[in-house]
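Each chain, written out:
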Amino acid sequence: MSRIRQIVGLLVTITAITACQNGSKTTTLPDEFISPKTGTKKELTLDSIYLYAKQLYRWQESLPSYTTFDPRTKYAQIDPEQTAYERALFALSQYALHKKDRPYELSTIPNKPKYSYLERRRNDRKSSGHMASIETPYRYATHLSYWSVGNKRIAYVYIPSFPQLQTVKAELDQLAAELAQKQVTHLILDLRHNGGGYVETAEYLANLISPAKLDKKVMFSEQFHPNVQQGKAKLLLQQPYLDANGKVVQYKGRPATLADVDYSEKANTHYFIKKGHFNSLQQLSCIVSERTASASELLISSFKPYIPIRLIGQQTFGKPVGFFSVHIGDFDVYLASFLIRNANGWCDYFDGIPVDLVLAPVETSRHPGDPKEAWLAAALKDITKDENLTAISSVTYFPLPADENLLLKTNFRLK
């Protein structure tokens, strides 16, 4: 609770200084910063959720003033406490409109934003913005199948999620080496169950499969709100910047905070940096569905300006936004904080990325990688134009898909 009081006190102090700088002029303080210094733990947490949103949310200019939103009156009586916080966050998420009467965060789940969320902090959470490591007792890049037809060498890979890079890097390197050895020209990535995960992992896979000609070209950029880019999100002074082991990083002779991060678009522009020896890709096909979201959509978007890419299945979820966590009381809060833009500046897929070949949903007992499975069969036909396939090899494992539906930023750069 002391940290929450600190946050509120900081805001009141900042506002008071602004008023003093105006001398004898009568000034009305911005009422979004006027919140009580005292209250119950729940009241202070509700205040802080509002105040952080007012500084970090990508569409913060759409949010009402503190007195208009009035979080204590509207939500402090709701139990349990997490439900109260979730209801407040949901209400905040519905102000910014993408289209007339249609919020960016309109969701099919009642009282849940499409993007932003919060969760009670876990003891295993470590570095700034990190989700707990995903345990992978199975192989990650699964259901590898290879075919040839004419001069086309086709590979199929099922990618269920993008967990922390350290857990899957060696296997992704092995996958790229195998693709190179088989001189694959047409790669099918099955992302139908891929709800996203870590930016760095999707980025690493993109660098493994990209042609060398894309080296040093823009892959994507992360665009924070101008106020965040300009260092006006002063609440970040209250958020320690942690390393991968959960230790506070020392910076300029003092403990670093998230206010020390460079949030400019220039510092958050990512470039293709070719990795590995797989350099024969001519066409990328992606099997997608309404569960395909976040980091998997980032992967698709990043290639669109450069190489032929075919989407097969159903329109994706639509999540061109990313997060990093802020600690408020006993909770980690993930506000939609930045837009993901490709090299052409495109990020308008809030309703999902349309597919080139629309397919009906199917229930099947056939495993991914089976050429008779309906969606894979359609992807193969799209490539081969009904020419006869020759099977080269197929290796199948059976992991459980990890439905994170996240896009988490962990590779911050300090100023």
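Residues numbered from 1 in each chain as written. Predicted model: local features only at pLDDT ≥ 70, side-chain atom pairs only at ≥ 80, totals over all residues. Heavy atoms only, no water.

Q: Can you help me understand the overall build of the chain in this one?
A: Within the chain one finds 10 helices and 20 strands. Counting all 415 residues of the chain, 53% fall into the buried class. Sequence separation of at least 24 residues holds for 78% of the intrachain contacts in the chain that already meet a minimum separation of 6. For the chain, the exposed area adds up to about 18,000 Å²; of that, 51% sits on carbon and sulfur atoms. (Helix = DSSP H or I, 4+ residues; strand = E, 2+ residues; numbered from the N terminus. Buried < 20%, exposed > 50% of the residue type's maximum accessible area, 1.4 Å probe, protein only. Contact = heavy atoms within 4.5 Å. Areas by Shrake-Rupley, 256 points an atom, 1.4 Å probe, with all protein chains shown as cover.)

Q: Sorry if this is basic, but what is going on with the environment of alanine 76 here?
A: By the element assignment, alanine 76 lies in the loop between α4 (71-75) and α5 (81-93). The class of alanine 76 is buried, set by a relative accessible area of 11%. Separated by 34 residues in sequence, alanine 76 and lysine 42 place their C-alpha atoms 6.5 Å apart. If we ignore the near neighbours within four places in the chain, the residues touching alanine 76 are Lys42, Glu43, Leu46 and Pro71.

Q: So what exactly am I meant to see when it comes to the pattern of salt bridges here?
A: Opposite charge on two side chains lets them pair, provided their charged atoms get close. Going through the model one piece at a time under the given rule, you end up with 17 salt bridges. Note that glutamate 43 is salt-bridged to arginine 72, the shortest N-O span being 3.5 Å. Taken together, the residues span a long stretch of sequence, with glutamate 43 in helix α2 (residues 41-56) and arginine 72 in helix α4 at a distance of 29 residues. In this structure, the salt-bridge partner of arginine 192 is glutamate 373, at a minimum N-O distance of 2.9 Å. In this pair, arginine 192 sits in the loop between β6 (186-190) and β7 (197-198) while glutamate 373 sits in the loop between β18 (357-358) and α10 (374-384), placing the two residues 181 residues apart along the sequence. There is no split in this pair, since arginine 192 and glutamate 373 are both buried. (Salt bridge = Lys/Arg side-chain N within 4 Å of Asp/Glu carboxyl O.)

Q: What's the story with α10 in this structure? I'm lost.
A: Judged by how many residues are buried, α10 sits mostly within the fold: 8 of 11 residues are covered. Every buried residue of α10 is accounted for by Trp375, Leu376, Ala378, Ala379, Leu380, Asp382, Ile383 and Thr384. The residue sitting at the N-terminus of α10 and contributing the capping side-chain oxygen is glutamate 373; that oxygen lies 3.2 Å from the backbone nitrogen of tryptophan 375. Backbone geometry just after α10 places lysine 385 at a positive phi near 55°. (Polar contact = N/O pair within 3.5 Å; in protein donor to acceptor, adjacent residues only side chain to side chain.)

Q: I tried to follow the sheet that holds strand β16 (residues 331-334) on my own but got confused; where do I start?
A: To summarise the sheet geometry, strands pair through backbone hydrogen bonds and adopt either a parallel or an antiparallel arrangement. Strand order in the open sheet formed by 3 strands is β3-β16-β15, and the pairing between neighbours is antiparallel. With partners counted over all chains shown, the strands left at the sheet margins are β3 (117-120) and β15 (325-328), one partner each. Sheet twist, expressed as the mean angle between neighbouring strand axes with direction ignored, is 25°. When β15 meets β16, the two strands line up antiparallel, connected through 4 bridges. Its bridge partner being in β16, serine 325 is matched across the sheet by tyrosine 334. Contacts from α2 reach β3 and β15 within the one sheet, and its direction differs from that of β15 by about 150°. Sitting on the sheet, α5 touches β3 and β16, and the angle it makes with β3 is about 165°. (Pairing = 2+ DSSP bridges. Axes fitted to C-alpha atoms, helices over the stretch in contact; angles between N-to-C directions.)

Q: When you look at the packing of aromatic side chains in this model, what are you seeing that I'm missing?
A: A ring pair, where both rings are aromatic, is described by two values, the distance of the centres and the angle of the planes. What the rule picks out here adds up to 18 aromatic pairs. Each ring, one from phenylalanine 69 and one from tyrosine 95, has its centre 6.5 Å from the other, and the planes form 65°; the classification is edge-to-face. Of this pair, phenylalanine 69 sits in helix α3 (residues 66-69) while tyrosine 95 sits in the loop between α5 and β1 (97-99), placing them 26 residues apart in sequence. Of the residues examined, phenylalanine 69 reaches a relative accessible area of 1% and is grouped as buried. (Phe/Tyr/Trp six-rings, centres within 6.5 Å; stacked < 30°, edge-to-face > 60°.)

Q: Sorry, what's going on with unusual backbone geometry here?
A: If a residue is not glycine, its phi is most likely negative; likewise, a peptide bond is most likely trans. Backbone torsion omega between aspartate 79 and proline 80 reads -5°, so that peptide bond is classified as cis. Mapped onto the secondary structure, proline 80 falls in the loop between α4 and α5. Even without being a glycine, asparagine 111 presents a positive backbone phi close to 65°. With respect to the helices and strands, the residue asparagine 111 is situated in the loop between β2 (102-103) and β3. Residue lysine 252 is not a glycine yet carries a positive backbone phi of 55°. With respect to the secondary-structure elements, lysine 252 resides in the loop between β9 (250-251) and β10 (254-255).

Q: What exactly am I supposed to notice about the nonpolar core here?
A: Ranked by internal contacts, the top residues of the largest apolar core, which has 96 residues, are Trp59, Leu187, Leu189, Leu284 and Phe303. Lining this core are residues from two domains, each supplying at least three of them: domain 1 (34-114) and domain 2 (143-223 + 269-320 + 342-396). In contact with leucine 284, other than residues within four places in its own chain, are Leu187, Leu189, Ile209, Phe303, Ile307, Pro308, Ile309 and Arg310. Trp147, Tyr158, Ile188 and Leu376 belong to the second-largest nonpolar core, a separate cluster that totals 15 residues. (Core = buried A, V, L, I, M, F, W, Y, C linked by side-chain atoms within 4.5 Å. Domains from an automatic or database assignment.)

Q: Hey, could you run me through the confidence of the model for the chain in this one?
A: Any segment with low pLDDT has predicted coordinates that should not be analysed in fine detail. Summarising the model, the chain shows a mean pLDDT of 86, and 82% of its residues fall at 70 or more. Under a pLDDT of 50 for its full length, residues 126-138 has, in the predicted model, 46 contacts with residues more than four places off or in other chains. In the predicted structure, residues 398-403 sits below a pLDDT of 50 and forms 17 contacts with residues beyond four places in sequence or in another chain. (pLDDT = per-residue confidence, 0-100.)

Q: Honestly, the pairing of strand β17 (residues 338-342) in this entry has me stumped. Any pointers?
A: The side chains of a regular strand alternate between the sheet's two faces. Of all 5 residues in β17, 4 are buried; the element is thus mostly enclosed. Here strand β8 (residues 218-224) pairs with β17 via 5 bridges, running antiparallel. Counterpart to glutamine 223 in the pairing with β17 is leucine 339. By the bridge criterion, 2 bridges tie strand β14 (residues 321-322) to β17 in an arrangement that is antiparallel. What sits directly across from valine 321, in β17, is leucine 339.

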